[in-house]
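# Architecture at a glance
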Amino acid sequence: MSISSYPFDNQAVTESQWSRLIRELSSGVAASSDSAAFKVTADSTGMNVKVQPGFAILRGHAVQSTAVETLVIEAADSAARTDAVVLRLDPAANSIRLAVLKGTPGQPSPPLTQTDTGVFETRLAWVSVGASVTTVTANNITEARQFVRTFTGSWWTSTRPADPRLGDLGYNRSNSAWEFWTGTDWKDLAPSVSWGSVIGKPSSFAPSAHGHAWSEISGKPSTYTPASHDHDWSDINGKPSSYPPSSHSHSWSSITSRPSTFPPSSHSHSGYLTSGSTISWANGSKKPHSNSASGSGTWYAVWVEGDGTFCRNTSSIRYKENIRDIEVRPEAVLALRPRVYDRKPTDEKPSARKDEYGLIAEEVAETLPEIVTYDEEGRIDALRYDLLGVALLPVVQDQERRIKSLEERLAALEEAA
């Protein structure tokens, strides 16, 4: 018989059998983990698997197989299941045998029976049985063997174990180091690390200037230049702690696109303030360069939009619609208060204009809000002085009516006298 087990009651046990049993500990396959001992395989020859020869221990009992054993896998179900190939110790039968535990479709692998004095099973492999299949292939087998005797001990280099197995671990007193067997060599478990032993390190520290191939960069955008996209505020590094940022400064060297000389050398701009041009500093604290009026073209008053765009001020009816009368109260216009004031200085123009005449927009807004304009943040910003004359017309017309009425009454009194 190719498979035998021992020791059991009323059974003779040889010296070599006992010697092999005592050399091993715990339950599992007694071999190196990279060996084929009790390894389960399949070769697509039908509904069966093959178990390689080996030696194992279960609960102090030994089992040895000296030839390949073939196990039958029950016919497949209409749904996939997972079976298990096990070694089963049965003290009542005085035997350790190979067995197949059939799984239930849709359920995990069948559980093992592991009692202290009765049946004890250890798993060798899982077998995936597909729905309605007729063969078991190598890909259907999943390794599940457990191994005994991951040796631990203490030795000198000259007295290391003569037959080490993969994973054996011990303390080498010759070099005061823990070491383990890789299957081919003893390796230091916790080697000392020096800069010279580090692999893949840069040749200089900090690394010298170098480049990386585009294919080596992780997390790069899928298109270059990256397609338009957004970033959450929390994803941005180096952002200011407050928004708008608190008062801060920048060194001259950190400013990009700065002029090469300061102040900038003499220069000009072609097409300056032509159609579509903008001027971001169009505010009351600045004034244009001297310019003489000449030429025979049509002249226009201009508007400056909030973004700095210039446009002409037109009045023809062909540009207008929904025309209707508006009532302007003369007393609202008469309540306006002419003022004289100084412009606040700015960084670009530290010597601002003095004794300028005009109106205060906030005061005008109280009585004649129709000619007040607001900036992008909704703050009162400017006046439409071009509309002030329009607002004065009702006042003049009202005064004209009053003068005529008084003249008529005076003439009537003179006739009556």
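Residues numbered from 1 in each chain as written. Predicted model: local features only at pLDDT ≥ 70, side-chain atom pairs only at ≥ 80, totals over all residues. Heavy atoms only, no water.

## Focus: the overall build of the chain
Check the secondary structure of the chain and you find four helices and 21 strands. Sequence separation of 24 or more characterises 48% of the internal contacts of the chain that already satisfy a separation of 6 or more. For the chain, the accessible surface area stands at approximately 30,000 Å², while carbon and sulfur atoms represent 52% of it. (Helix = DSSP H or I, 4+ residues; strand = E, 2+ residues; numbered from the N terminus. Contact = heavy atoms within 4.5 Å. Areas by Shrake-Rupley, 256 points an atom, 1.4 Å probe, with all protein chains shown as cover.)

## Section: a nonpolar patch on the surface
A contiguous nonpolar patch, built from Val193, Trp195, Val198 and Phe205 and spanning about 500 Å² of accessible area, is present on the exposed surface. Here Val198 is to be found in the loop between strand E15 (186-188) and strand E16 (302-304). Overall, the relative accessible area of 31% leaves Val198 in the partly exposed class. (Patch = residues over 30% accessible without salt bridge, like charges linked within 9 Å, V, L, I, M, F, W, Y side chains within 5 Å. Salt bridge = Lys/Arg side-chain N within 4 Å of Asp/Glu carboxyl O. Buried < 20%, exposed > 50% of the residue type's maximum accessible area, 1.4 Å probe, protein only.)

## Notes on the pairing of strand E9 (residues 95-101)
Along E9, five of the seven residues are buried, which leaves the element largely enclosed by surrounding structure. One ladder, built from seven bridges, connects strand E8 (residues 81-90) with E9; its direction is antiparallel. Within the sheet, the bridge partner assigned to Asp90 lies in E9 and is Ser95. Counting the residues between successive antiparallel strands, the hairpin from E8 to E9 contains four residues, one of them, Asn94, with a positive phi of roughly 50 degrees. (Pairing = 2+ DSSP bridges.)

## Considering the nonpolar core
One recurring pattern in soluble globular proteins: nonpolar side chains tend to sit buried together. Membership of the largest hydrophobic core comes to 28 residues, with the highest contact counts inside it found for Phe38, Val49, Leu87 and Leu124. Looking at this core, the elements that each hand over two or more residues are strand E4 (48-51), strand E5 (54-58), E8, E9 and strand E10 (120-129). Excluding residues that lie within four positions of it along the chain, Val49 makes contacts with Val40, Thr41, Ala42, Glu69, Thr70, Leu71, Ile73, Val85, Val127, Val136 and Ile141. Core analysis: the next-biggest nonpolar cluster, separate from the first, contains 14 residues, Val364, Val372, Leu383 and Val395 among them. (Core = buried A, V, L, I, M, F, W, Y, C linked by side-chain atoms within 4.5 Å.)

## Description of the sheet that holds strand E3 (residues 40-41)
Across the sheet, three strands lie side by side as E3-E4-E7; this open sheet has antiparallel pairing. The open sheet is flanked by E3 and strand E7 (69-72), the only strands paired with a single partner.

## Focus: helix H4 (residues 385-416)
Here H4 is 32 residues long and its end C-alpha atoms lie 47 Å apart, about the 46 Å a rise of 1.5 Å per residue gives. Along H4, the positions that sit buried rather than exposed are Leu388, Ala391, Pro394, Val395 and Asp398. (Expected span 1.5 Å × (residues − 1).)

## Some remarks on the pattern of salt bridges
In total, this model carries 19 salt bridges according to the counting rule given. Its salt-bridge partner being Glu121, residue Arg88 comes within 2.7 Å of it at the nearest N-O pair. With a gap of 33 residues between them, Arg88 in strand E8 and Glu121 in strand E10 connect regions that are remote in the sequence. Among the residues examined, Arg88 registers a relative accessible area of 30% and is labelled partly exposed. Beyond isolated ion pairs, a larger network of salt bridges with shared partners links Glu74, Asp77, Arg81, Asp83 and Lys102.

## Quick notes on the sheet that holds strand E11 (residues 141-143)
Strand order in the open sheet formed by four strands is E9-E8-E10-E11, and the pairing between neighbours is antiparallel. Strands with a single pairing partner mark the edges of an open sheet, and in this sheet they are E9 and E11. Each neighbouring strand pair of the sheet contributes to a mean axis angle of 25 degrees, computed without reference to strand direction. (Axes fitted to C-alpha atoms, helices over the stretch in contact; angles between N-to-C directions.)

## Section: unusual backbone geometry
Pro7 follows Tyr6 through a cis peptide bond whose omega is -5 degrees. Structurally, Pro7 is set in the loop between strand E1 (3-6) and helix H1 (15-22). The phi angle at Asp355 is positive, at roughly 50 degrees, despite the residue not being glycine. Mapped onto the secondary structure, Asp355 falls in the loop between strand E18 (339-341) and strand E19 (356-358). In this structure Asp355 comes out as exposed when scored by relative accessible area, which is 55%.

## Considering the side chain of Arg81
Locating Arg81 in the fold gives a position in strand E8. Here Ala75 takes part through its backbone oxygen, which lies 3.0 Å from a polar atom of the side chain of Arg81. When residues no more than four places from it in sequence are discounted, the contact partners of Arg81 are Ile73, Glu74, Ala75, Ala76, Lys102, Gly103, Thr104, Pro105, Val127, Ser128 and Val129. (Polar contact = N/O pair within 3.5 Å; in protein donor to acceptor, adjacent residues only side chain to side chain.)

Without other data, these values stay purely geometric and don't point to any function.
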